[in-house]
Amino acid sequence: MSRFWSKTVHQLTPYVPGEQPKLANLVKLNTNENPYGPSPKVLAALKDAVSDDLRLYPDPRAERLKDAIAGLHNVSPTHVFVGNGSDEVLAHVFHGLLKHDKPLLFPDITYSFYPVYAGLYEIDYRAIPLTADFHIRPDDYKVPNGGIIFPNPNAPTGIPLPLASVEDIIAANPDSVVVVDEAYVDFGAESAIPLVAKYPNLLVVHTFSKSRSLAGLRAGFAIGHPDLIEALERIKDSFNSYPLDRFALAGATAAIEDTAYFAQTCAAVIKTRAALVEEMSALGFETLPSAANFIFTRHPQQDAAELAAALRSRSIIVRHFKNARIDQFLRITVGTNAECTLLISALKKILA
Ligand SMILES: *Cc1c(COP(=O)(O)O)cnc(C)c1O
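Residues numbered from 1 in each chain as written. Predicted model: local features only at pLDDT ≥ 70, side-chain atom pairs only at ≥ 80, totals over all residues. Heavy atoms only, no water.

### Some thoughts on the overall build of the chain
Right, on to step 1. For the chain, the helix and strand inventory stands at eleven helices and twelve strands.
Right, on to step 2. Rg of the C-alpha trace for the chain: 20 Å, near the compact-globule value of 20 Å for 352 residues, within the 12% margin.
Right, on to step 3. A principal-axis box enclosing the C-alpha atoms of the chain has dimensions of 60 × 50 × 50 Å.
Right, on to step 4. Each of the 352 residues in the chain was classed as buried or not, and the buried ones make up 52%.
Right, on to step 5. Accessible surface, the chain as shown: approximately 16300 Å² in total, 54% of it carbon and sulfur.
Right, on to step 6. If the 33 positive side-chain charges of the chain are averaged to one point and the 38 negative ones to another, these points end up 5 Å apart. (Helix = DSSP H or I, 4+ residues; strand = E, 2+ residues; numbered from the N terminus. Rg over C-alpha atoms; globule rule 2.2 N^0.38 Å. Buried < 20%, exposed > 50% of the residue type's maximum accessible area, 1.4 Å probe, protein only. Areas by Shrake-Rupley, 256 points an atom, 1.4 Å probe, with all protein chains shown as cover. Lys, Arg positive; Asp, Glu negative; His and termini not counted. Charge placed at Lys NZ, Arg CZ, Asp CG, Glu CD.)

### Quick look at the pattern of salt bridges
A side chain of one charge can pair with a side chain of the opposite charge when the charged atoms of the two come close.
Right, on to step 1. Counted under the stated rule, the structure contains eleven salt bridges.
Right, on to step 2. When the shortest N-O distance is used, the salt bridge between Glu 286 and Arg 298 registers 3.3 Å. With Glu 286 in strand β9 (residues 286–287) and Arg 298 in strand β10 (residues 294–298), this residue pair connects regions lying twelve residues apart in the sequence.
Right, on to step 3. Exposure remark for Glu 286: the relative accessible area of 38% places this residue in the partly exposed category.
Right, on to step 4. Classification of Arg 298 by relative accessible area gives partly exposed; the value is 31%.
Right, on to step 5. Connected through salt bridges with shared partners, the residues Arg 61, Lys 236 and Asp 237 form a single ionic network. (Salt bridge = Lys/Arg side-chain N within 4 Å of Asp/Glu carboxyl O.)

### Brief notes about the domain arrangement of the chain
Right, on to step 1. The domain architecture assigned to the chain consists of domain 1 (7–37 + 260–351) and domain 2 (51–258).
Right, on to step 2. Across the boundary between the two partners, domain 1 contributes 32 residues, which contact 33 residues of domain 2.
Right, on to step 3. Here domain 1 packs against domain 2, burying approximately 2500 Å² in sum over the two surfaces, 63% of which is carbon and sulfur.
Right, on to step 4. Of all residues in domain 1, Tyr 15, Phe 262 and Arg 325 bury the most surface against domain 2, accounting for 27% of the area lost on that side. (Domains from an automatic or database assignment. Contact = heavy atoms within 4.5 Å. Buried area = accessible area lost by both parts, 1.4 Å probe.)

### Things to note about the sheet that holds strand β6 (residues 178–181)
Working definition: the strands of a sheet are paired by backbone hydrogen bonds and lie parallel or antiparallel to each other.
Right, on to step 1. Reading across from one edge, β2-β8-β7-β6-β5-β3-β4 is the order of the seven strands in this open sheet, with mixed pairing throughout. A strand with exactly one partner marks an edge of an open sheet, and here the two such strands are β2 (80–83) and β4 (125–128). Averaged over all neighbouring strand pairs, the angle between strand axes comes to 20 degrees, with direction disregarded.
Right, on to step 2. Bridge count for β2 against strand β8 (residues 220–224) is four bridges, and the pairing is antiparallel. Paired with Val 82 across the bridge in β8 is Phe 221. (Pairing = 2+ DSSP bridges. Axes fitted to C-alpha atoms, helices over the stretch in contact; angles between N-to-C directions.)

### A look at the sheet that holds strand β12 (residues 330–333)
Right, on to step 1. Taken together, three strands build an open sheet; the order of strands is β9-β10-β12 and the sheet is antiparallel. Of all the strands in the sheet, the pair left with one neighbour each is β9 and β12.
Right, on to step 2. Two elements, β10 and β12, share four bridges in a ladder whose sense is antiparallel. Bridge pairing in β12 places Ile 295 opposite Ile 332.

### Quick look at the nonpolar core
Right, on to step 1. Ranked by size, the top nonpolar core spans 52 residues in total, and within it Leu 65, Ile 69, Phe 150, Leu 202 and Phe 208 carry the most contacts.
Right, on to step 2. Looking at which domains feed residues into this core, each of domain 1 (7–37 + 260–351) and domain 2 (51–258) gives three or more.
Right, on to step 3. In contact with Leu 65, not counting residues within four places along its chain, are Val 82, Phe 208, Leu 244, Leu 249, Ala 252, Thr 253 and Ile 256.
Right, on to step 4. Counting residues in hydrophobic clusters, the runner-up holds 32 residues, among them Leu 29, Ala 183, Ala 304 and Leu 307. (Core = buried A, V, L, I, M, F, W, Y, C linked by side-chain atoms within 4.5 Å.)

### Regarding the site of the ligand
Right, on to step 1. Taken together, Gly 85, Ser 86, Asp 87, Leu 90, Tyr 111, Asp 181, Ala 183, Tyr 184, Thr 207, Ser 209, Lys 210 and Arg 218 form the complete shell of residues around the ligand.
Right, on to step 2. Separating an oxygen atom of the ligand from a backbone N or O atom of Asp 87 is a distance of 2.9 Å.
Right, on to step 3. Within the contact set of the ligand, an oxygen atom lies 3.0 Å away from a side-chain nitrogen or oxygen of Lys 210.
Right, on to step 4. In the complex, 93% of the free accessible area of the ligand, which totals 390 Å², lies under the protein chains.
Right, on to step 5. If you tally residues by element for the shell around the ligand, the top one is helix α4 (residues 85–97), at four residues.
Right, on to step 6. Classifying every residue of the shell around the ligand by side-chain character gives four nonpolar, four polar and four charged. (Near = heavy atom within 4 Å. Polar contact = N/O pair within 3.5 Å; in protein donor to acceptor, adjacent residues only side chain to side chain. Nonpolar A, V, L, I, M, F, W, Y, C, P; charged D, E, K, R; others polar.)

### Looking at helix α5 (residues 113–120)
Right, on to step 1. Residues of α5 that are buried: Phe 113, Tyr 114, Val 116, Tyr 117 and Ala 118.
Right, on to step 2. Elements in contact with the buried residues of α5: α4, β3 (104–107), β4, β5 (147–151) and β6.
Right, on to step 3. In the stretch just after α5, Glu 122 is the one whose phi turns positive, near 55 degrees.

### Focus: the environment of Pro 138
Right, on to step 1. Along the polypeptide, Pro 138 turns up in the loop between β4 and β5.
Right, on to step 2. Looking at Pro 138, the relative accessible area reads 12%, which means it is buried.
Right, on to step 3. It is 6.7 Å that separates the C-alpha atoms of Pro 138 and Asp 168, two residues lying 30 residues apart in sequence.
Right, on to step 4. Excluding anything up to four places from it in sequence, Pro 138 contacts Ser 165, Asp 168 and Ile 169.

### Focus on helix α3 (residues 63–73)
Right, on to step 1. Those residues of α3 that sit buried are Leu 65, Lys 66, Ala 68, Ile 69 and Ala 70.
Right, on to step 2. In this fold, the buried residues of α3 make contact with β2, β8, α7 (226–236) and α8 (246–257).
Right, on to step 3. Looking one or two residues past α3, Asn 74 carries a phi angle of roughly 60 degrees, positive in sign.

Here it is in C-alpha cells:
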C-alpha cells in the first residue's frame, strides 16, 4: 500500500499464476505446459531470428503470422488478431468487446483470470453456477447480458461442451459477443472456428502455450468477424503496437506451419491422458471426463490439499484450488509417460 498508488491499483485483485519453482528434478504438473518441447522447425526459426535484424522493430501488423493462422483455419487474415499470449488477447477482449452496461456472464468455476480482467476494466459480471456434475448448461446463458465468455474445454474441469451447445449459446445471444476460449481445444474438443462465418458475434481465442508447446514465447490469437477484430486492433494500437517481438513472430509462424509435429504431440498427450485416468481410477480417484491436457480428479477418502502437499514433498507439483465446490480436487497436467509413472508410484506410496 502506498499513497502513490492510483485508485485503480488499490482496487485490483491480481491473478496468481501457478508457481514456477527453480528446483531441479521436479515433476512439474501444475500449469498445463506441454511435456514435449516445441517443433524442431520452431527452434530453427528462432535461431534464424538471432540476427542484426533485431535492431529493427517487428512487423506491427504480424502479417506472416496472421496469414499462416488464416490459412490453417480457412478464414481471411482480416478475421485474425494476434497478441502477446492469449492472456493479452483476452485482456483486450474484455476491454474492447465485453465492457457494456449489462453484466458479463461466465461460469462460477472457470479460468480465474476472468474475474481479474473484469476487476481491472471495471466490468460488472455474474458467475453462472455449473451443474452439480460441473457442466455448462446453455439455457443458463439465455438471460440479459453484456457479453459471455467460457473456456471450451472448461478449466479447471477439462469438461468439453459439444459444438451444438456452444452454437445454442451463440445463436441465443445475437446482441452480445460470445467468446469461446479454446486454450485446450486441440486435446479433444470441437472448435467453434467454423461457426465464425455464420455468427458475427462469435470470437474464438487460441493460445500457443499449450498444444504448441510455446508457453515461454508468449503468443495467442483470436478469430472472429472483422468488426470484432478491428475493436481489438484499436485497443492494441492504443496500448502497444509491437506486442509480438521478432522471436515470437518467427516461432509462432513456424509452429503453425508444422502441422505434423503438432498432430503427433497432441496425439501423444491424449494417449497418455487415457492411461493416466485409468491408473488413477485403479487407485480410487474419481476423474472428470477431460478433453484437455490435464485431469481434474478427487479421492473420496483423501483430502486434496494434503495430497498436494505429500506430492510436493516428493518433488511432484500439482495444482490445488481452495475455492468452494472444488477444494477436494487436484488439477494434474498430463506429463510424459515417465512423469505420469512417477506420479502414480508416488500416489501409491502416499495412499499405502
Ligand atoms: C493457459 C490459458 C490461457 C492463457 O494462455 P497464454 O496464451 O499463455 O496467456 C487462457 N485461457 C485459459 C483457459 C488457459 O488455461
